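Structure at a glance
If you want the building blocks of each chain, they are given just below.
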Amino acid sequence: DTAVSQTPKYLVTQMGNDKSIKCEQNLGHDTMYWYKQDSKKFLKIMFSYNNKELIINETVPNRFSPKSPDKAHLNLHINSLELGDSAVYFCASSQIKVGNTIYFGEGSWLTVV
Amino acid sequence: SQQGEEDPQALSIQEGENATMNCSYKTSINNLQWYRQNSGRGLVHLILIRSNEREKHSGRLRVTLDTSKKSSSLLITASRAADTASYFCAMQIQGAQKLVFGQGTRLTINP
C-alpha cells in the first residue's frame, strides 16, 4: 500500500489554466505538507497543515490554494498557471511528535506551456 | 536564507569506495535528517540525528553532526551502484514545525 499518494503524476497544461493536485496519506499522520522542487532540485516548503489547520504558508502566491477536507487529504489548487509554476510538487506527511520524519509522495511533474 | 548548503553538488566514485557528503546550515536546529531521492521519485528518509548527538550509524551509513560548526556529514561506506541518487540534508529549525532542505548532492557510483 502506498503511504503518501498523489495524483496526477504528470500534468502538462497551458498558461492561464487552473489545475489541482490531490494527495492522500494512509499513515494516520496529523500533519501534511506541500513542497516544490524546481529545476535546480531546490526543495522548498509551500504549505503545512496540522489536523486540517493551516500552520505554515511560505509566502506562496495566492494563486496557490491548499485545501484539507480531513487530516488524511491535502489538495493543491493552482489558478492562472504561469510558466514559472513548472516544477515537481511533492506532498508529504509526518507525525509531529515522532522526530518529524517526513514521508514523501512520488511527486507530480507540472509543466506549463 | 535558512536553506542548507551541501557540498559537493555532484560526486562520482567507483563502486566499493566510500562517499562523503557535507551539509552546512545557519540557524539553530532540533535535529538534522538525511534523505535520498532516486531519479524521478520522491524523497526517502535515511537517518535522523538530534542536536545533542554527535554521530549515528545505520547499516552502511554514518552521520556526524557538529552543532558548533553548524555542519553535518553523511558517509556511505562500500558504495554500490544502487546507491546512485541525490542525497539531501534537512534541518528541523528550532521553534518552527518545518524542515529546511539543502540543495542536494548528486552521487553517481560507477560499476
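Attention in this report is confined to the structure presented alongside it. (Residues numbered from 1 in each chain as written. Chains lettered and ligands numbered in written order. Predicted model: local features only at pLDDT ≥ 70, side-chain atom pairs only at ≥ 80, totals over all residues. Heavy atoms only, no water.)

**Points about the side chain of Ser 65 of chain A**
By secondary structure assignment, the location of Ser 65 of chain A is in strand E7 (residues 64-70). With near-sequence residues (within four places) excluded, Ser 65 of chain A lies in contact with Asn 75, Leu 76 and His 77 of chain A. (Helix = DSSP H or I, 4+ residues; strand = E, 2+ residues; numbered from the N terminus. Contact = heavy atoms within 4.5 Å.)

**A few points about the pattern of salt bridges**
A complete count under the given rule lists seven salt bridges over all chains for this structure. In this structure, Arg 41 of chain B and Glu 106 of chain A form a salt bridge, with 2.3 Å as the shortest nitrogen-oxygen distance. Remark: Glu 106 of chain A occurs in the loop between strand E10 (103-104) and strand E11 (108-112) and Arg 41 of chain B occurs in the loop between strand E4 (29-37) and strand E5 (43-50); the pair is interchain, linking two chains. Relative accessible area serves as the criterion here: at 29%, Glu 106 of chain A is assigned to the partly exposed category. (Salt bridge = Lys/Arg side-chain N within 4 Å of Asp/Glu carboxyl O. Buried < 20%, exposed > 50% of the residue type's maximum accessible area, 1.4 Å probe, protein only.)

**With respect to the environment of Ala 82 of chain B**
Along the polypeptide, Ala 82 of chain B turns up in the loop between strand E8 (71-76) and strand E9 (85-93). For the pair Ala 82 of chain B and Thr 108 of chain B, spaced 26 residues apart in sequence, the C-alpha to C-alpha distance is 9.2 Å.

**Quick word on the nonpolar core**
Grouped together as the largest cluster of nonpolar side chains are 23 residues, with contacts concentrated most on Leu 32, Trp 34, Leu 74, Ile 76, Met 91 and Leu 107 of chain B. If one sorts the elements of this core by residue count, E9 of chain B sits on top with five residues. Grouped together as the second largest cluster of nonpolar side chains are 20 residues, Val 4, Val 60, Leu 76 and Val 112 of chain A included. (Core = buried A, V, L, I, M, F, W, Y, C linked by side-chain atoms within 4.5 Å.)

**Things to note about the interface of chain B and chain A**
In this complex, chain B contributes 19 residues to the contact, which on the side of chain A involves 23 residues. Summed over both partners, the interface of chain B with chain A buries about 1700 Å², with 54% contributed by carbon and sulfur atoms. If you look at where chain B meets chain A, you find one salt bridge. Of the residues in the side of chain B that touches chain A, the class split is six nonpolar, ten polar and three charged. (Buried area = accessible area lost by both parts, 1.4 Å probe. Nonpolar A, V, L, I, M, F, W, Y, C, P; charged D, E, K, R; others polar.)

By themselves, these observations are geometric and do not establish any function.
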